[in-house]
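Chain by chain, the residues:
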Amino acid sequence: MAALAELFWMVTSFLRPNHGTRKNENAESVIHAGTVETFAPGTVTAFPRGRFYLARLADGGFLALSRRCPHLGCTLPWVEEEKKFVCPCHASAFDIHGDVLRSPAPHAMDLHPVVIENNVVRVDTARVIKRDRFKKDQVVYPKKA
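Residues numbered from 1 in each chain as written. Predicted model: local features only at pLDDT ≥ 70, side-chain atom pairs only at ≥ 80, totals over all residues. Heavy atoms only, no water.

(A) How the structure looks around the environment of proline 104. Mapped onto the secondary structure, proline 104 falls in the loop between strand 8 (100-102) and strand 9 (111-112). As a C-alpha pair, proline 104 and alanine 91 span 13 residues in sequence and 7.7 Å in three-dimensional space. Residue contacts for proline 104: discarding those within four places in its chain leaves His71, His90 and Ser92. (Helix = DSSP H or I, 4+ residues; strand = E, 2+ residues; numbered from the N terminus. Contact = heavy atoms within 4.5 Å.)

In structure tokens:
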């Protein structure tokens, strides 16, 4: 009977897109990622404690991408060789901006707000920004001296 209930839950979860917002209730939700120079352009750095990836785009801007797949919430790994995120659960794929390259994901990866002050990159993991697709105004750039 328990196996049947688990099977029902798995099938239902697979068919239902993930529309919920999950907030990190941790009091220390702002993660100090490091200085701007720590991150080379065109790289993706995982922050397991904050459950996000910090992408430094080729133009020098930053995006903090949730590591949860917007389809069912599976953890998305960054596949460096392919330069994309690939969901191990249902094969959705996303580019460095978090845009959907391959479904069943219904929309782009969620973001966390990024703030750059005194050349230090900070990410607020308590706030989740839902979005349909990547837009240039979502990128945060370091201030030029």
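(B) View of the pattern of salt bridges. The full count for this structure, using the stated rule, is 5 salt bridges. Among the salt bridges present, the one from aspartate 59 reaches lysine 136, with a minimum N-O distance of 2.6 Å. In this pair, aspartate 59 is assigned in the loop between strand 3 (52-56) and strand 4 (62-66) and lysine 136 in the segment after strand 11 (120-124), connecting sequence segments 77 residues apart. Between glutamate 80 and lysine 83 there is a salt bridge, and its shortest N-O distance comes to 2.1 Å. (Salt bridge = Lys/Arg side-chain N within 4 Å of Asp/Glu carboxyl O.)

(C) Focus on the environment of glycine 73. Secondary-structure assignment places glycine 73 in the loop between strand 4 and strand 5 (78-79). Accessibility expressed as a relative area gives 15% for glycine 73, which makes it buried. Here the alpha-carbon distance between glycine 73 and cysteine 89, two residues 16 residues apart in the chain, equals 9.3 Å. (Buried < 20%, exposed > 50% of the residue type's maximum accessible area, 1.4 Å probe, protein only.)

(D) Geometry of the side chain of glutamine 138. For glutamine 138, the location among the structural elements is in the segment after strand 11. From its side chain, glutamine 138 meets the backbone oxygen of arginine 133 in a polar contact 3.4 Å long. Once residues lying within four places of it in the same chain are set aside, the contact partners of glutamine 138 are Phe62, Leu63, Leu111, Arg131 and Arg133. (Polar contact = N/O pair within 3.5 Å; in protein donor to acceptor, adjacent residues only side chain to side chain.)

(E) Summary view of the sheet that holds strand 10 (residues 114-117). Across the sheet, 3 strands lie side by side as 1-11-10; this open sheet has antiparallel pairing. Edge positions in the sheet fall to strand 1 (30-35) and strand 10, since each has one partner strand and no second. On average, adjacent strands in this sheet sit at an angle of 25 degrees to one another, irrespective of strand direction. Across 4 bridges, the pairing between strand 10 and strand 11 is antiparallel. Bridging from a neighbouring strand, glutamate 117 pairs with valine 120 of strand 11. (Pairing = 2+ DSSP bridges. Axes fitted to C-alpha atoms, helices over the stretch in contact; angles between N-to-C directions.)

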